[in-house]
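As a plain string of letters, each chain reads:
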Amino acid sequence: MAYYLGIDSSTQSMKGLVIDPGAGAIAASASVNFKADLPQYKCPDGVLANADPLVKHADPLMWLAALDLLLSRLQATGVDMAKIAAVGGDGQQHGSVYLNARFADILAALTPSVSLAEQLKPALARPTSPIWMDSSTSAECRELDAKFGARMQADTGSPAIERFTGPQIRKFAKSEPERYAQTARVHLVSSFLCSVLIGRDAPIDSGDGAGMNLLNLRTLAWDAEIAEFTATGLANKLPKVGTGVAGGLHGYFAKYGLRSGIPVAVWTGDNPASLVGTGAWSAGVAVVSLGTSDTFFAALDAFRTDPEGCGHVFGNPAGGFMSLACFKNGSLARDRVRREAGAEWGFFDATAFELTPPGNAGQLALPWFEAEITPPVLKPGLRANFDFAAAAPAVRIRAAVEAQALALRSHALWIGTFGTLRVTGGASKSLGIRQTLADVFQARVESIAVADSAALGGAMLAAHADGVSLAKMTEAFSPVTDVCEPRAANAAVYKALLPAIRALEKAAPIA
Ligand code: XUL
């Protein structure tokens, strides 16, 4: 029976998962951590150092080095790579790669004896890639607002947003016109890696394309007027919009035991892939993904936008649309609160939650160590409504975890009210965090078997492009392994705190 490979190129790592849908089993997995495995690229948390805290770029060659290393690690697991019948994948959303006119020729002529990073280096029209954590494009967003007003959100699913690719491209074209002129192709992280796999330009799907402020979700085509205003001639520099199979795997990858020519599915964004991997691709269940960013998303019954303008509409890779609210201060912020409180991870699970009452006596702390996305707040710094520095570790930890959960709930209200939430991402392993989510949302919180739902979604999309049923794979790969029931006794305390979290979002930073 055939295997399928899914690759997730996320902010801090790249993961690969080989699934065996016939046996309903994971055949192999491997990962590459940018900090531990590729320190030479100087992106320990996935980002290059920059004097401006709002500028967040990565080295795109690191993603290529990670792809080579990941495939060699997968092969080293002993899995029969020749049984892989199709490849799929996803990338962190919004990040972009700028390629010159040599890109197409270099791709077509990839040779197995030289690394991908080395071969593709001359194809970069810009040495760095802005990623989703970048908040440096406020001026460009205001220019887009002034030109398009409400049409931007009504047609592309989101108002102009700092981290979205269109404003990033506009800033680049304005500030580095020579390099922009040399740019023949702008790819997303997802479509860039997919292009490398097939040895020619791959399309952008509507899941990831919707995170650009360039894709008209009513026509599922690039919006010519918005593209031209964003940057002159941009429409010609974008790949096609597409779905299904992007092309056949390039012969370069035979060195890892992969068969040349097997179908490579069009890649998507990490959140749309996760929607598939968590089995939430049909309406009814919402997902909370606790990763570098915390996200809340769900399949949408119909195209509908956030009246507050913070949330987004993306294409659902299984068809139709999905909603998404994204919080930049996720795992890195949680971990910093934990470290500064001198606590181990286990402390989150038990001690912190035994020592303090639900609601924390109203003490809340938003750990906004980076400029926040939801709501858009450019000035970083912790916000707390009590003396955070003087408080006990358990109080600080509960204050941050509850504030994050309350913010998720408050900003997800436009998406709907859900009786079931499915959690994924590293921090979802914490029982304390899962119980807090269950109590704050008053919803059942389900954990699923596979931790890396984005790579799983990529593998499932590859299998789906090869004719395997998504519903059958969801049954096999995304079974519920643990449930946290909401405690009704805590409903009132959290409901009462919803206005407090909105007030805290407007407060000045204290540290
Ligand atoms: C979503 C977003 C992040 C990135 C990185 O809009 O910006 O979730 O996709 O995971």
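Residues numbered from 1 in each chain as written. Predicted model: local features only at pLDDT ≥ 70, side-chain atom pairs only at ≥ 80, totals over all residues. Heavy atoms only, no water.

Caption draft 1: Just the site of the ligand, in detail. Surveying the vicinity of the ligand reveals the residues Gln93, His94, Trp132, Arg163, Asp270, Asn271, Ser293, Thr295, Leu324 and Cys326. In the model, an oxygen atom of the ligand is placed 3.0 Å from a nitrogen or oxygen of the Gln93 main chain. A distance of 2.7 Å separates an oxygen atom of the ligand from a polar atom in the side chain of His94. Among the elements of the structure, α13 (270-277) and β17 (321-327) are those that each provide at least two residues to the shell around the ligand. A breakdown of the residues in the shell around the ligand according to their chemical character gives three nonpolar, five polar and two charged. (Near = heavy atom within 4 Å. Polar contact = N/O pair within 3.5 Å; in protein donor to acceptor, adjacent residues only side chain to side chain. Helix = DSSP H or I, 4+ residues; strand = E, 2+ residues; numbered from the N terminus. Nonpolar A, V, L, I, M, F, W, Y, C, P; charged D, E, K, R; others polar.)

Caption draft 2: The arrangement of the pairing of strand β3 (residues 25-33) in detail. As paired strands, strand β2 (residues 13-20) and β3 are joined by eight bridges and run antiparallel to one another. Across the sheet, the residue bridging to Leu17 is Ser29, located in β3. (Pairing = 2+ DSSP bridges.)

Caption draft 3: Here's a closer look at the nonpolar core. Core analysis: the biggest nonpolar cluster contains 100 residues, and Trp63, Leu67 and Phe253 have the highest contact counts within it. When residues of this core are assigned to their parent elements, the largest contribution, ten residues, is made by helix α2 (residues 60-76). Dropping the residues within four chain positions of it, Leu67 is found in contact with Ile7, Met14, Leu116, Leu193, Val196, Leu197 and Phe253. Core analysis: the next-biggest nonpolar cluster, separate from the first, contains 56 residues, Ala384, Ala394, Trp414 and Val445 among them. (Core = buried A, V, L, I, M, F, W, Y, C linked by side-chain atoms within 4.5 Å. Buried < 20%, exposed > 50% of the residue type's maximum accessible area, 1.4 Å probe, protein only. Contact = heavy atoms within 4.5 Å.)

Caption draft 4: Molecular detail of the pattern of salt bridges. One pass over the full model with this rule turns up 27 salt bridges. Linking Arg142 and Asp145 is a salt bridge whose minimum nitrogen-to-oxygen distance equals 3.0 Å. Of this pair, Arg142 and Asp145 both sit in helix α5 (residues 138-148), separated by three residues, roughly a single helical turn. You can call Asp145 partly exposed: its relative accessible area is 29%. Of the charged contacts, one joins Glu485 and Arg444 as a salt bridge, the two residues approaching to 3.3 Å between their closest N and O atoms. With Glu485 in the loop between β22 (480-484) and α21 (491-505) and Arg444 in strand β21 (residues 444-448), this residue pair connects regions lying 41 residues apart in the sequence. Glu485 sits in the partly exposed class, given a relative accessible area of 43%. Classification of Arg444 by relative accessible area gives partly exposed; the value is 29%. (Salt bridge = Lys/Arg side-chain N within 4 Å of Asp/Glu carboxyl O.)

Caption draft 5: Quick look at helix α7 (residues 165-175). Here α7 lies mainly inside the structure; eight of its eleven residues are buried. Restricting attention to buried positions, one finds in α7 the residues Thr165, Gly166, Pro167, Gln168, Ile169, Arg170, Phe172 and Ala173.

Caption draft 6: Here's a closer look at the packing of aromatic side chains. By the definition in use, this model includes ten aromatic pairs. Here the aromatic rings of Tyr98 and Phe172 are separated by 4.7 Å at their centres, their planes lie at 55°, and the arrangement is tilted. Note that Tyr98 is positioned in strand β6 (residues 96-99) and Phe172 in helix α7, a separation of 74 residues in sequence. A relative accessible area of 0% means that Tyr98 is categorised as buried. What links up through ring pairs into an aromatic cluster is the set Tyr98, Phe172 and Tyr180. The ring of Tyr98 has Arg126 sitting right over it, with the charged end atom 4.9 Å from the ring centre. The positively charged end of Arg170 is found above the aromatic ring belonging to Phe229, 4.3 Å away from the centroid. (Phe/Tyr/Trp six-rings, centres within 6.5 Å; stacked < 30°, edge-to-face > 60°. Lys NZ or Arg CZ within 6 Å of the ring centre and 35° of its normal.)

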